[in-house]
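Summary of structural features
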Amino acid sequence: MFLLKWLNRLLAFSLEIIMLIVAVYVPIKTIVSPWLKYAVAAGLLLLIILLWSIWAAPTATRRLKLPYIVIFKFLIYLIPTYLLFRIGMRNYGWMFYALVVITEIAAVLFNEYN
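Since we're looking at a predicted model, the values are computed, not measured. (Residues numbered from 1 in each chain as written. Predicted model: local features only at pLDDT ≥ 70, side-chain atom pairs only at ≥ 80, totals over all residues. Heavy atoms only, no water.)

1. Here we look at the pattern of salt bridges
Once their charged atoms are close, side chains differing in charge can pair, the charge on each being opposite to the other. Taken as a whole, this structure holds two salt bridges when the rule is applied. Taking the shortest distance from any N to any O, the salt bridge between E112 and R9 comes out at 3.0 Å. Note that E112 is positioned in the segment after α5 (90–109) and R9 in helix α1 (residues 2–30), a separation of 103 residues in sequence. The class for R9 is partly exposed, based on a relative accessible area of 49%. A salt bridge links K73 to E104; the nearest nitrogen and oxygen atoms lie 3.8 Å apart. One end of the pair, K73, is in helix α3 (residues 68–76); the other, E104, is in helix α5, with 31 residues separating them in the sequence. Each member of the pair, K73 as well as E104, is classed as buried. (Salt bridge = Lys/Arg side-chain N within 4 Å of Asp/Glu carboxyl O. Helix = DSSP H or I, 4+ residues; strand = E, 2+ residues; numbered from the N terminus. Buried < 20%, exposed > 50% of the residue type's maximum accessible area, 1.4 Å probe, protein only.)

In structure tokens form, the structure reads like this:
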């Protein structure tokens, strides 16, 4: 059981990092204007980090409780999923969000949000 919980935490952290990478990669690759692509990438990155640090980080002072944390995570993970769909990487978008659903179900089953 300990190994499964540890693997789920590792997968959840990996998905968080992938979310940030996609939020920066897609605007840089799709927006033509040189200054606008970096501004959008930085703004999107800062928005995700800010929202995550307020409501979803394990050490957040205003961390959401069940079921709101799960709903928040499902909603914030829609951003990179949508971006992957926008650049034509639909299979990666589906796989990414399927892993999000799996990790959130496992987190609830392992009582990670208590």
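2. Let's talk about the packing of aromatic side chains
Inspection of the entire model under this criterion finds six aromatic pairs. Centre to centre, the rings of W52 and Y77 are 5.9 Å apart; their planes meet at 70°, and the pair counts as edge-to-face. You can see W52 sitting in helix α2 (residues 34–55) and its partner Y77 sitting in the loop between α3 and α4 (78–86), a full 25 residues away along the chain. The interplanar angle of 75° and the centroid separation of 5.3 Å between the aromatic rings of F85 and W94 together place this pair among those described as edge-to-face. (Phe/Tyr/Trp six-rings, centres within 6.5 Å; stacked < 30°, edge-to-face > 60°.)

3. Some points on unusual backbone geometry
For the bond from L66 to P67, the omega torsion is -5°, close enough to zero to count as cis. As for its position among the elements, P67 is in the loop between α2 and α3. Positive phi, normally seen in glycine, also occurs at N111, with a value near 55°. With respect to the helices and strands, N111 occurs in the segment after α5.

4. A look at a nonpolar patch on the surface
Taken together, the side chains of M1, F2, L3, L4, W6, L7 and L10 present a nonpolar region at the surface, about 820 Å² in accessible area. Counting through the fold element by element, L3 comes out in helix α1. (Patch = residues over 30% accessible without salt bridge, like charges linked within 9 Å, V, L, I, M, F, W, Y side chains within 5 Å. Areas by Shrake-Rupley, 256 points an atom, 1.4 Å probe, with all protein chains shown as cover.)

5. Structural notes on α3
All of the buried residues along α3 are I69, V70, F72, K73 and I76. All buried residues of α3 project into a common sector of 160° when viewed along the axis, lining one side. Facing away from the buried side of α3 by over 90 degrees, the exposed positions are Y68 and L75. For α3, the secondary structure elements touched by its buried residues are α1, α2, α4 and α5. (Arc of directions from axis to C-beta. Contact = heavy atoms within 4.5 Å.)

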